[in-house]
Amino acid sequence: CANRYGHGTISLTQSIMKSCNCALMDIANIQGRSCYHRYQKNFGFGNLTGIDIPGESKGIIWDENKLNVTELATASFGQSFNVSMIQMASAFCALVNGGNYYQPHIVSSIVDAEGVTVKENEPLIVKKVVSEATSEFMREAFYQTVEGGTASKAKVAGYLVGGKTGTAQKLPRDAKKYVVSFIACAPVDTPEVVTYVVIDEPQDEEYSASSHYATTITSDIMEEILPYLGCYPEGEIDYAVRFPQVPDASQ
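The following paragraphs examine the structure supplied in this document. (Residues numbered from 1 in each chain as written. Predicted model: local features only at pLDDT ≥ 70, side-chain atom pairs only at ≥ 80, totals over all residues. Heavy atoms only, no water.)

## Focus: the sheet that holds strand S5 (residues 162-169)
Selection criterion: The rule for pairing is simple: two strands pair if DSSP sees at least two bridges between them. Comment: elements are numbered from the N terminus, with helices defined as DSSP H or I runs of at least four residues and strands as E runs of at least two. Lines fitted to C-alpha atoms define the axes, with helix axes restricted to the stretch in contact, and inter-axis angles between N-to-C directions lie between 0 and 180 degrees. Residues count as neighbours in contact if any of their non-hydrogen atoms are within 4.5 Å of one another.
If you trace the three strands from one edge of the open sheet to the other, you get S5-S6-S7, paired in antiparallel fashion. Since the sheet does not close on itself, it has two edges, and those belong to S5 and strand S7 (193-200), each with one partner. Direction aside, the axes of adjacent strands within the sheet are offset by 10 degrees on average. Sheet topology places S5 next to strand S6 (residues 178-186); eight bridges connect them, and they run antiparallel. Pairing of glutamine 169 across the sheet is with tyrosine 178, part of S6. Against the sheet, helix H6 (residues 132-148) engages S5 and S6, with an angle of about 75 degrees to S5. Where helix H7 (residues 212-228) meets the sheet, its contacts fall on S5, S6 and S7, and the angle it forms with S7 comes to roughly 145 degrees.

So this is what it looks like as structure tokens:
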């Protein structure tokens, strides 16, 4: 674990907040490889999502019979396998929206120059991946991760943001190169938007194995796009985007 002194006895929520590899290895070990592999497949990893763009990849995950002790341990905290950003975003959306895995699309609709809707992609639930109770628990854990865990830099004034950091070491291990990431949703109690930021090999040595920049970028993105979605905070907020002033009709 990144904490070389150990976290001691922690709760499940704290294991997510603190991104404790040891706790995640323990959980995967208790589950066993069959359970772990079943969840990976259920969330769409190792399969095409069927999104409406060409060239989609299935990603690379371990076959169940190859998830031995070491492979299961490293996979438990997100290393030794590869997934696409579409797969991850789709899985995360299902995790925070109540447990429903939706068919992903690039756009919700296509409108021609005259304003006529040429095509509309209606929301389609493909399957149920977790229960409402589990989804609620995960949203709270993700919120606590931002409020007091490894993702404090992702906070946005006036909004409830929740998410999870990711740090994956690249091969060869002795090169000490990393892919860092952060996936988040807001408002965390009733999510309207998910963002996923991935940075390949941060150049700042101090943060090369940290999601510091990914969380900071996420905060900047959320601050700009939430007002566009009609999600406004309470109180006076200094927006990153300056919206044009509407002329006073009396003038």
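## Some thoughts on the packing of aromatic side chains
How we decide: A pair of aromatic rings is counted whenever rings of Phe, Tyr or Trp (Trp by its six-membered ring) have centres within 6.5 Å, and the orientation is called stacked for planes under 30 degrees apart, edge-to-face for over 60 and tilted otherwise. A simple rule labels every residue: compare its accessible area, found with a 1.4 Å probe on the protein chains alone, to the largest value its type can have, and call it buried under 20%, exposed over 50%, or partly exposed in between. Two thresholds decide whether a charge sits over a ring: the Lys NZ or Arg CZ must be within 6 Å of the ring centre and within 35 degrees of the ring normal.
Going through the model one piece at a time under the given rule, you end up with one aromatic pair. The interplanar angle of 35 degrees and the centroid separation of 5.1 Å between the aromatic rings of phenylalanine 92 and phenylalanine 142 together place this pair among those described as tilted. Note that phenylalanine 92 is positioned in helix H5 (residues 85-96) and phenylalanine 142 in helix H6, a separation of 50 residues in sequence. The same class applies to phenylalanine 92 and to phenylalanine 142, which are both buried. A cation over an aromatic ring shows up here: lysine 127 above the ring of tyrosine 101, its NZ or CZ 5.3 Å from the ring centre.

## Looking at the environment of alanine 154
With respect to the helices and strands, the residue alanine 154 is situated in the loop between H6 and S5. When its relative accessible area of 0% is taken as the criterion, alanine 154 is described as buried. The spatial distance from the C-alpha of alanine 154 to the C-alpha of glutamate 223 is 10.0 Å, given a sequence separation of 69 residues. In contact with alanine 154, other than residues within four places in its own chain, are Val146, Val161, Phe182, Thr215 and Ser219.

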